[in-house]
Amino acid sequence: MGRITGITRRSLTAAAAGALATAAWPGEASADEQGGRRQFRGMWLASVANRDWPARPGLPAAEQRASLLAFLDTAVERRLNAVVFQVRPTADALWPSPYEPWSEWLTGVQGQHPGWDPLGTAVREAHRRGLELHAWFNPYRVANHADPTRLLPTHPARVHPEWVVPYGGKLYYNPGLPEVRRFVQDAMLHAVARYDIDAVHWDDYFYPYPVAGQVFDDDAAYAAHGAGFPDRAAWRRNNIDLLVRETAARVKRLKPRVRFGISPFAVWRNRATDPLGSDTRAGVQTYDDLYADTRRWVREGWIDYVVPQVYWNIGFAAADYAKLVPWWAEVVRGTGVGLYIGEALYKAGDPAQPAPWQDPAELSRHLTLCADYPQVRGNVYFSAKEVAADRNGAMARVVADHYPCRVRPPR
């Protein structure tokens, strides 16, 4: 996922869609029991740096597959209905892509075939279990290191070194180049065309999070493409707006039923910066620091759903969960954009976290609060490893208190 520490931080085929709409799940609630209300219950399944899956690079294909299916089974056991599976973690692929190499997180060697198709398997097996499969892509991150020679010689970032900006010890594609914007869309949309995924999903990485004392060197791109903008910040925001708007349009043209969702850092702007902002004092504001105008994407209806990463406890002074949820509920009001709240399950029971996260009831209280806002249509948990391990019983408490039976996700 994106910044997960501190404050600085659809397509089913017609037949499959019909089957999912009519099939009865074990323990599924009737429309009367749930008041006809669908609810999104998801978990992120992260592959970057082997965060959740696979446990380490180089495992045999059969072991990788069995572990992936175990995570899908865990989602079912927890009465979830969607898995957000990271399939393009670092300008690579967890499927046979003509654009980018096989991910090193599978075999330990970038470009090496793992002996099976993780994304194809995940889509098929998720649907067999009544789960939606949202394919999670990172648009601009190239590598978690700054050495281009560690990439395959045929890697697009090696073939087009002018596309790449080193920053903060990592490599990124330059969002200011139209050819980059087109390429990353083409790479992601190949998966949309090839598989019956239910959604395209992005997390919170657009322009990189600020690193003190470092400058993201896009001078040449700004000189070439920045005419007509009042400043570089406005140009950068427009670059990301274009990526969002163009991707949304291309997804709908390709497969109208596939949804497009984004899970941004939860603070668009602090109220002290902008009266439209949230009552927060966050050290990062997506509008100003990541050049991601997340509020606009919702208000313009460019995306189908938004999952703000509200990764703080109720009462946290700088960014109170109880203040951010109503702020986002107001942002989506009347837009038709789905609102699902991103939950920091990884903090629950972590001894490094403050006292509220040691209480197994903290996350359950989050869902109780969300129920007061009809715009909130569900919750997503970071991440799959914690959904399975459930360090202090917080996930079990959520299931016991709020998920008496399975329900279907909103459409």
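Right above here is the structure, for reference.
Described below are features of the structure shown in this document. Since the model is a prediction, treat every value here as computed from it, not as a measurement.

## Description of the sheet that holds strand β10 (residues 338-343)
In a beta sheet, neighbouring strands are held together by backbone hydrogen bonds and run either parallel or antiparallel to one another. Reading around the barrel, the 8 strands line up as β1-β2-β3-β7-β8-β9-β10-β11 and close back on themselves, with parallel pairing between neighbours. When strand β7 (residues 199-202) meets strand β8 (residues 259-262), the two strands line up parallel, connected through 4 bridges. Each bridged residue has a counterpart across the sheet, and for His201 the counterpart in β8 is Gly261. On the sheet, helix α8 (residues 232-254) packs against β7 and β8 and is oriented at approximately 155° with respect to β8.

## Here we look at the side chain of His155
The topology assignment puts His155 in the loop between β4 (141-143) and α5 (156-159). Exposure remark for His155: the relative accessible area of 1% places this residue in the buried category. A distance of 3.1 Å separates a polar atom in the side chain of His155 from the backbone oxygen of Ala91. With near-sequence residues (within four places) excluded, His155 lies in contact with Ala91, Pro101, Gln110, Val142 and Tyr173.

## Here we look at the packing of helix α2 (residues 61-77) against helix α4 (residues 118-128)
The relative placement of two packed helices comes down to the angle between their axes together with the axis-to-axis distance. For the pair α2 and α4, the least separation of the axes is 10 Å and the interaxial angle reads 35°. Considering the relative orientation of α2 and α4, their crossing is right-handed. Residue-level contacts link Arg65, Leu68, Leu69 and Leu72 of α2 to Pro118, Thr121, Ala122, Arg124, Glu125 and Ala126 of α4. When the residues that make up the contact of α2 with α4 are grouped by side-chain class, the tally is 6 nonpolar, 1 polar and 3 charged.

## Some remarks on the pattern of salt bridges
Evaluation of the coordinates by the stated rule reveals 26 salt bridges. Among the salt bridges present, the one from Arg411 reaches Glu132, with a minimum N-O distance of 2.8 Å. Of the two residues, Arg411 sits in the segment after α14 (394-402) while Glu132 sits in strand β3 (residues 132-137), which places them 279 residues apart along the sequence. A relative accessible area of 40% means that Arg411 is categorised as partly exposed. By relative accessible area, which is 4% here, Glu132 ends up buried.

## Remarks on the environment of Gly108
Within the secondary structure layout, Gly108 lies in the loop between α3 (104-107) and α4. On the basis of relative accessible area, Gly108 is assigned to the partly exposed category, the value being 43%. In contact with Gly108, not counting residues within four places along its chain, are Pro57 and Gly58.

## So, α14
Buried within α14 are the following residues: Ala394, Met395, Val398 and Val399. Down the axis of α14, the buried side of the element spans an arc of 145°, and every buried residue falls inside it. Considering only its buried residues, α14 is in contact with α12 (362-370), β11 (376-381) and α13 (384-389).

## Side note on unusual backbone geometry
Comment: phi is negative for the bulk of residues other than glycine, and the bulk of peptide bonds are trans. With an omega of -20°, the peptide bond between Trp53 and Pro54 qualifies as cis. Tracing the backbone shows Pro54 in the loop between β1 (40-45) and α2. For the bond running from Phe382 to Ser383, omega is -5°, close enough to zero to count as cis. Along the chain, the position of Ser383 falls in the loop between β11 and α13. Positive phi outside glycine occurs at Ala91, with the angle close to 50°. Assignment of secondary structure puts Ala91 in the loop between β2 (82-88) and α3. Of note, Tyr291 is a non-glycine position whose phi angle comes to about 60°, a positive value. With respect to the helices, strands and loops of the structure, Tyr291 is situated in the loop between α9 (286-290) and α10 (294-299).

## What about the sheet that holds strand β5 (residues 164-167)?
Strand order in this open sheet of 3 strands is β4-β6-β5, and the pairing throughout is antiparallel. Whereas interior strands pair on both sides, the edge strands pair on one side only; in this sheet they are β4 and β5. Neighbour-to-neighbour, the strand axes of the sheet open up by a mean angle of 35°, direction not taken into account. Sheet analysis places β4 next to strand β6 (residues 170-173), joined by 2 bridges and oriented antiparallel. Residue pairing across strands places Ala143 opposite Leu171, the latter belonging to β6.

## What to know about the packing of aromatic side chains
Under the criterion given, the structure shown has 27 aromatic pairs. Relative to Trp312, the ring of Phe265 has its centre 5.5 Å away and its plane inclined at 80°; by these criteria the two rings are edge-to-face. With Phe265 in the loop between β8 and α9 and Trp312 in the loop between β9 (305-306) and α11 (321-332), the pair connects residues that are 47 residues apart, well separated along the chain. The same class applies to Phe265 and to Trp312, which are both buried. Geometry around Tyr205 places Arg141 over its ring, the cationic atom sitting 5.2 Å from the centre. Here the guanidinium or amino end of Arg237 rests over the ring plane of Tyr287, the centre of that ring lying 3.9 Å away.

Calculation notes
- Residues numbered from 1 in each chain as written.
- Predicted model: local features only at pLDDT ≥ 70, side-chain atom pairs only at ≥ 80, totals over all residues.
- Heavy atoms only, no water.
- Pairing = 2+ DSSP bridges.
- Helix = DSSP H or I, 4+ residues; strand = E, 2+ residues; numbered from the N terminus.
- Contact = heavy atoms within 4.5 Å.
- Axes fitted to C-alpha atoms, helices over the stretch in contact; angles between N-to-C directions.
- Buried < 20%, exposed > 50% of the residue type's maximum accessible area, 1.4 Å probe, protein only.
- Polar contact = N/O pair within 3.5 Å; in protein donor to acceptor, adjacent residues only side chain to side chain.
- Left-handed = near helix turned anticlockwise from the far one by under 90°.
- Nonpolar A, V, L, I, M, F, W, Y, C, P; charged D, E, K, R; others polar.
- Salt bridge = Lys/Arg side-chain N within 4 Å of Asp/Glu carboxyl O.
- Arc of directions from axis to C-beta.
- Phe/Tyr/Trp six-rings, centres within 6.5 Å; stacked < 30°, edge-to-face > 60°.
- Lys NZ or Arg CZ within 6 Å of the ring centre and 35° of its normal.

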